[in-house]
Amino acid sequence: GKMAVLLDEAKYSQYLAEMKQYFQKNNKVRDFQAHESKAHSVGWSCDGRKLASGSTDKTVSVFSLDKFNLTRIHNYKGHTDHVDQLSWHPSHPDYLVSASEDKTVRVWDARTTKCAQCITTKGDNINICWSPDGNTIAVGNKEDLITWIDTRTYKMRAEMQFSFEVNEISWNKTNDLFFLTNGHGCVCILSWPELKMLQNLQAHSSNCISIEFDPQGKYFATGSADALASLWDLDELVCVRTFSRLDWPIRTLSFSHDGQLLALASEDLHIDIAMVETGQQVYEMPCSAPTFSVAWHPTRYLLAVSTDDKDRHERDAGTVRLFGLPDTA
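Scoring rules and cut-offs
- Positions within a chain are numbered from 1, following the residues in the order the chain's sequence is written.
- Residue-level local features of this predicted model are given only where pLDDT is at least 70; pairs of side-chain atoms are given and counted only at 80 or more, and the full residue set underlies all totals for whole chains, interfaces and linings.
- To get the side-chain values, all heavy atoms of the structure are used, and hydrogens and water are removed first.
- Any Lys or Arg side-chain nitrogen found within 4 Å of a carboxyl oxygen on Asp or Glu counts as a salt bridge.
- Put simply, DSSP marks the helices as runs of H or I at least four residues long and the strands as runs of E at least two long, and each gets a number from the N terminus on.
- Here's how the labels work: a residue is buried when its accessible area is under 20% of the maximum for its type, exposed when over 50%, partly exposed in between, all with a 1.4 Å probe on protein chains only.
- For Phe, Tyr and Trp, where Trp contributes only its six-membered ring, two rings pair if their centres lie within 6.5 Å, and the inter-plane angle classes them as stacked under 30 degrees, edge-to-face over 60, or tilted in between.
- Whenever a nitrogen or oxygen atom comes within 3.5 Å of another N or O atom, the pair is scored as a polar contact, on the condition that within protein one atom can donate a hydrogen and the other can accept it, and that pairs from neighbouring residues in sequence are kept only if both atoms are in side chains.
- Whether two residues are in contact is decided by their heavy atoms: any pair within 4.5 Å suffices.
- Here, strands pair whenever DSSP counts at least two bridges between them.
- Axis definition: a line fit to C-alpha positions, over the contact stretch in the case of helices; interaxial angles, taken between N-to-C directions, run 0 to 180 degrees.

Describe the pattern of salt bridges, naming the residues involved and giving the relevant values.
If you walk through the whole model with that rule in mind, you get 19 salt bridges. The closest approach of N and O atoms between K142 and E101, which form a salt bridge, is 2.9 Å. Here the residue K142 occupies a position in the loop between β11 (136-141) and β12 (145-150), and E101 occupies one in the loop between β7 (95-100) and β8 (104-109), the gap between them amounting to 41 residues. Residue classification places K142 among the partly exposed residues on the basis of a relative accessible area of 42%. When salt bridges that share partners are traced, they join K38, D308, K310 and D316 into one network.

Can you break down the packing of aromatic side chains residue by residue, with the values?
All chains considered together, the criterion is met by 18 aromatic pairs. Among the aromatic residues, ring-to-ring pairing joins Y22, F23, Y283, W296, Y301 and F323 into one connected group.

Quick rundown of the side chain of H79? Include the residues and the values.
On the secondary structure map, H79 appears in the loop between β5 (69-76) and β6 (83-88). Judged by relative accessible area, H79 falls into the buried class, the value being 6%. Engagement of the side chain of H79 in a polar contact is seen with the side chain of S98, the distance being 2.7 Å. For H79, the contacting residues outside a window of four places in its chain are K58, S98, S100, D102, T104, V105, R106 and W108.

Explain the sheet that holds strand β9 (residues 115-120) to me, using residue names and the numbers behind them.
Ordered by their spatial adjacency, four strands build an open sheet running β6-β7-β8-β9, and the pairing between neighbours is antiparallel. Strands at the two margins of the open sheet, each flanked by one partner only, are β6 and β9. On average, each strand axis in the sheet is inclined to that of its neighbour by 20°, with strand direction left out of account. Sheet analysis places β7 next to β8, joined by five bridges and oriented antiparallel.

Following this line, the structure appears as structure tokens:
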């Protein structure tokens, strides 16, 4: 036992030193024009070849990634109100879904230029996720109603009205539990597909905003209005550690592909890149404006970021940013 702990500690301190050195050499950022106004959500396709962003300009932009460069493939129009969140299909690299305040959910196929499917819903949609098996899309609206849509028929499969503020939603990686974060600082865990309430974890003292699962299936992380993020052991459902270097509500979280790094962002003018297993800081990435969304690339230490940047005329810049580029890029 003791020996294993010491070996772990040696391994972690070596990893920390290596990653600190890595980001000393690979800390360049590059901005890409994505939208007419602010990008609220960014996400990578499962193969990492494409990045999508959703914006208050009512559009979805899709870029292709070539080593360190993003090229816009298409700007998808169709929504008639803000696009608040998007989610790529877990195993099909061309499908993505967007949630809009226009009371619709739209499915896009990145190989085409038009909307593949438009599903009308009951309210202004703000949160969306795709199940790991690809068969269901869950969408949450401003009235705290969650609707589950069957992707084989695009018909409603189930819906649940909650009496509290529902924030981010997600399945676990094994597709048998459904998680939602709420205004009371709790993480509610439902069985899937039965949708029975199994557990209510008191994760934070104030509004629990964001939730993210690590690719290895070992942990999930939650971000809260109290400026703390918590790391949870998925088997034991206990909080393993907290991350407390930021001062503002944790709006967005992302685990790196290997599950070793956690990016945390808020209205703070920097993004905290932390080591999952110890909580130590690997890198502090400066930003000029509050952050809306962060997403690590599925195979590389590249972070996509959307912030509330303004141009020189104080208008929304509408850019997406890549961080983790080498000095030479």
